[in-house]
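Given next are the chains, with one letter for each unit.
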Amino acid sequence: MNFINTMDDLFHMLDRCTEGVDWDTFYTKRDKPAPFLKYNKLPDKCVVDFIERHDIKKACEFGCGEGRNAIYLAQNNIDTEAYDLSEIAIENAKRNAREGKAEKAVFKAGNIFALDFMDKKFDLVIDSGIFHHLAPHRRLQYRDIVSNILAKEGHFILLCFAAGEDGADEVDDYEFYRSRQTGVAFTEERLKEFWGKKFDVVDLRKGENIVDDRTWESEYLYICVFRKVS
Ligand SMILES: C[S@@+](CC[C@H](N)C(=O)[O-])C[C@H]1O[C@@H](n2cnc3c(N)ncnc32)[C@H](O)[C@@H]1O
């Protein structure tokens, strides 16, 4: 029998009730029309643009998937740690990193809410597609994790589903639980309201449909660059 005696117990119960995409199956079957699978060797355009303008030494990526951003960072001489829930995605990322000679990328499988980052500090954290899959009860904790592991004035690049586009529907947090959503879309106002509590907004814009031989971006995402409030 399961009982709720601690806040951790409560969070675990809510996690169980909101289990969403089975990511190992997703990366094994590969039958979904997801652009990040199709372009799984190309980094996000906003990441490339950012790295070309900033001197980043240490970076961390959450929900790194098959490693396309982390590998790009490592190839640009940045010490990079990258985490993903899916062991299959991490195996593929390690293989892609070997092929791409990206030795500075360290990949680990794990749930970010169970990882111990101790006193690690990074100049840059990237989230390209994990925040919009998190259930509402985990979002505040997630914002704290991102803020805590960033060095003073460190940056956070977030790509997430834009309301009104094809990626996912914008639903309120009660509806998320009622209708068992696996992902939600955000408005610009909502992103500013939520992340603005701990971060300055450096840039926030809708993506465009762009693909070239180095990068890509998509109109179904908001692209945000936040800086930790000092
Ligand atoms: C939409 S995919 C994006 C993958 C990658 N960032 C990309 O763009 O190629 C979201 C990723 O987040 C990972 N993820 C979801 N929840 C997670 C969690 N709690 N901890 C770590 N990774 C998680 C999934 O396994 C999946 O690979």
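The preceding data block contains the structure.
What comes next concerns the included structure. This one's a predicted model, so the numbers in the text were calculated from it and none came from an experiment. Residue numbering note: each chain is counted from 1, following its sequence as written. Whole-chain, interface and lining totals are the exception, using all residues; otherwise, since this is a predicted model, local features are given only for residues with pLDDT of at least 70 and side-chain atom pairs are given and counted only at 80 or more.

1. Here we look at the site of the ligand
Working step 1: The C-beta atom of each residue is placed using the backbone, and any residue whose C-beta lies within 6 Å of a molecule or strand is treated as near it. Around the ligand, the structure places 19 residues, and the nearest of them are W23, F36, G63, G65 and G129.
Working step 2: Residues were grouped as follows: Ala, Val, Leu, Ile, Met, Phe, Trp, Tyr, Cys and Pro as nonpolar; Asp, Glu, Lys and Arg as charged; and all remaining residues, including Gly, as polar. Broken down by class, the residue content of the shell around the ligand amounts to nine nonpolar, seven polar and three charged.

2. Description of unusual backbone geometry
Working step 1: Here the phi dihedral of K101 falls at roughly 50°; this positive angle occurs in a residue that is not glycine.
Working step 2: Numbering of helices and strands runs from the N terminus; a helix is a DSSP stretch of H or I covering at least four residues, while a strand is a stretch of E covering at least two. Relative to the helices and strands, K101 resides in the loop between α6 (87–99) and β3 (105–109).
Working step 3: Residues are called buried when their C-beta atom has 20 or more other C-beta atoms within 10 Å, exposed when it has 12 or fewer, and partly exposed otherwise; all C-beta atoms are positioned from the backbone. Look at K101 and you get exposed, because 10 C-beta atoms sit within 10 Å.

3. A short note on the pairing of strand β4 (residues 122–128)
Working step 1: Burial within β4 is extensive, with six of its seven residues counted as buried.
Working step 2: Any two strands are treated as partners once DSSP identifies two or more bridges connecting them. For strand β1 (residues 58–62) and β4, the ladder comprises four bridges, and the chain directions are parallel. Paired with C60 across the strands is V125, a residue of β4.
Working step 3: Pairing between β4 and strand β5 (residues 150–161): six bridges, direction parallel. Each residue of the ladder has a partner; that of D127, found in β5, is L158.
Working step 4: With its strands directed away from the observer, a crossover is right-handed exactly when the path from the first strand over the helix to the second travels clockwise. Between β4 and its parallel partner β5, the chain crosses via helix α7 (residues 136–149), and the hand of that crossover is right-handed.

4. With respect to the nonpolar core
Working step 1: By definition, a nonpolar core groups buried Ala, Val, Leu, Ile, Met, Phe, Trp, Tyr and Cys residues that are joined through C-beta atoms within 7 Å. Of all hydrophobic cores here, the largest spans 53 residues; its most connected members are A105 and V125.
Working step 2: At seven residues, the largest contribution of residues to this core is made by β5.
Working step 3: The contact criterion used here is simple: two residues whose C-beta atoms, placed from the backbone, lie within 7 Å are in contact. Aside from chain neighbours lying at most four places away, what touches V125 is C60, F62, V146, I149, L150 and F156.

5. Considering the sheet that holds strand β2 (residues 79–84)
Whether parallel or antiparallel, the strands of a sheet pair through hydrogen bonds between backbone atoms.
Working step 1: Taking strand neighbours across the sheet as the criterion, the seven strands line up as β3-β2-β1-β4-β5-β9-β6 in an open arrangement whose pairing is mixed. Each end of this open sheet is capped by a strand with a single partner; those strands are β3 and β6 (199–206). Neighbour-to-neighbour, the strand axes of the sheet open up by a mean angle of 15°, direction not taken into account.
Working step 2: An axis is simply a line fitted to the C-alpha atoms; with a helix, the fit covers only the stretch in contact. Between two such axes, the angle follows the N-to-C directions and lies from 0 to 180 degrees. α7 contacts β1, β4, β5 and β9 (221–228) of the sheet and is inclined by roughly 140° relative to β5.

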